[in-house]
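# Chain and residue survey
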Amino acid sequence: MLISGKCHCGNIAFGLTWPDDQPDIPARACSCSFCSKHGGVWTGTSHAKLSIIVHDAALVSNYAFGTETATFHICSRCGAVPLVVSEIANHLYAVVNVNTFENFDPSRLRRTTANFDGEDIQLRLVRRSKNWIADVRVAQPGD
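As the structure is a prediction and not an experimental result, all values here were calculated from the model.

Okay, the environment of Ala29 next. With respect to the helices and strands, Ala29 occurs in strand β3 (residues 25–30). In the structure, Ala29 is positioned 14 residues away from Thr43 in sequence and 9.2 Å away in space, judged by C-alpha atoms. Excluding residues that lie within four positions of it along the chain, Ala29 makes contacts with Gly40, Val41, Thr112, Thr113 and Ala114.

Rendered as structure tokens:
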């Protein structure tokens, strides 16, 4: 199943190919202060594929905090945070914000909360490499 998403103004857009054999989509509301303030409810699976399109890179602010092992992509025009990436052993992983999905039936979401405070950095990276989207492609507009 292809799920489209984007920031409010459409500058940061994505196509998420979700595995057909996983009808439910986990939606984890992170309890950290950044995600709480920005409506971050994240999903991903290592079996999904993600294609990211940034129309104007000058309007994207990248933000890392805490352990600085993940980078939040924030649209400078509209303020939405549609995705987060983490580079682990020279491989790019990502999760997307379910609040930025377009034309999607929210009854398919299985909402939970997540708290990663105090998580060891190595364990955090192992968790991401197992649970985040491992097939991530950054496309140019028009691709």
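After presenting the structure, the write-up continues.
Now for the sheet that holds strand β2 (residues 12–17). Judged by pairing direction, the sheet is mixed, and its five strands sit side by side in the order β10-β1-β2-β5-β12 without closing on themselves. Edge positions in the sheet fall to β10 (101–102) and β12 (135–139), since each has one partner strand and no second. The pairing of strand β5 (residues 49–54) with β12 spans five bridges and is classified as parallel. Of the residues in β12, the one forming a bridge with Ile52 is Val138.

Looking now at the state of the cysteines. Disulfide: a covalent bond connecting the sulfur atoms of a pair of cysteines. The full count for this structure, using the stated rule, is zero disulfides. Unpaired in terms of disulfides, Cys9 finds its nearest cysteine sulfur in Cys75, a separation of 3.5 Å. Judged by its relative accessible area of 31%, Cys9 is partly exposed.

A few words on the packing of aromatic side chains. Scanning the model with the defined rule gives eight aromatic pairs in all. Between Tyr63 and Phe65, the ring centres sit 5.6 Å apart and the planes meet at 20°, which makes this aromatic pair stacked. Taking the relative accessible area as the measure of exposure, Phe65 reaches 29% and is therefore partly exposed. Three or more aromatic residues link up through ring pairs in this structure, and these residues are Phe34, Trp42, Tyr63, Phe65 and Phe72. For the cation-ring pair, Arg127 lies above Phe116, with the distance from its terminal atom to the ring centre recorded as 3.8 Å.

Now for the pattern of salt bridges. Opposite charge on two side chains permits pairing when their charged atoms draw close. For the structure shown, the criterion picks out three salt bridges. The residue Asp24 makes a salt bridge to Arg110 at a minimum N-O spacing of 3.2 Å. Placement of Asp24 in the loop between β2 and β3 and of Arg110 in strand β11 (residues 109–114) is noted, with a sequence separation of 86 residues between them. Residue Asp24 is classed as partly exposed on the basis of its relative accessible area, which comes to 38%. Classification of Arg110 as partly exposed rests on a relative accessible area of 40%. Note that Glu119 and Arg124 form a salt bridge whose closest N and O atoms lie 2.9 Å from each other. Connected through shared salt-bridge partners, Glu119, Arg124 and Arg127 make up one network.

The next point concerns the nonpolar core. Across soluble globular proteins, nonpolar side chains have a tendency to be buried as a group. Within the largest apolar cluster, 25 residues are counted, with the highest numbers of intra-cluster contacts made by Ile3, Leu16, Leu50, Val96, Phe101 and Leu109. Counting residues per element, the ones that place at least two in this core are β2, β3, β5, β8 (83–88) and β9 (91–97). Here the element with the most residues in this core is β2; it accounts for three residues. Apart from the residues lying within four places of it in its own chain, the contact partners of Ile3 are Phe14, Gly15, Leu16, Trp18, Ile25, Phe101 and Phe104. Counting residues in each nonpolar core, the second largest holds 15 residues, with Phe34, Cys35, Phe72 and Leu125 among its members.

Parameters and conventions
- Residues numbered from 1 in each chain as written.
- Predicted model: local features only at pLDDT ≥ 70, side-chain atom pairs only at ≥ 80, totals over all residues.
- Heavy atoms only, no water.
- Helix = DSSP H or I, 4+ residues; strand = E, 2+ residues; numbered from the N terminus.
- Contact = heavy atoms within 4.5 Å.
- Pairing = 2+ DSSP bridges.
- Disulfide = S-S within 2.5 Å.
- Buried < 20%, exposed > 50% of the residue type's maximum accessible area, 1.4 Å probe, protein only.
- Phe/Tyr/Trp six-rings, centres within 6.5 Å; stacked < 30°, edge-to-face > 60°.
- Lys NZ or Arg CZ within 6 Å of the ring centre and 35° of its normal.
- Salt bridge = Lys/Arg side-chain N within 4 Å of Asp/Glu carboxyl O.
- Core = buried A, V, L, I, M, F, W, Y, C linked by side-chain atoms within 4.5 Å.

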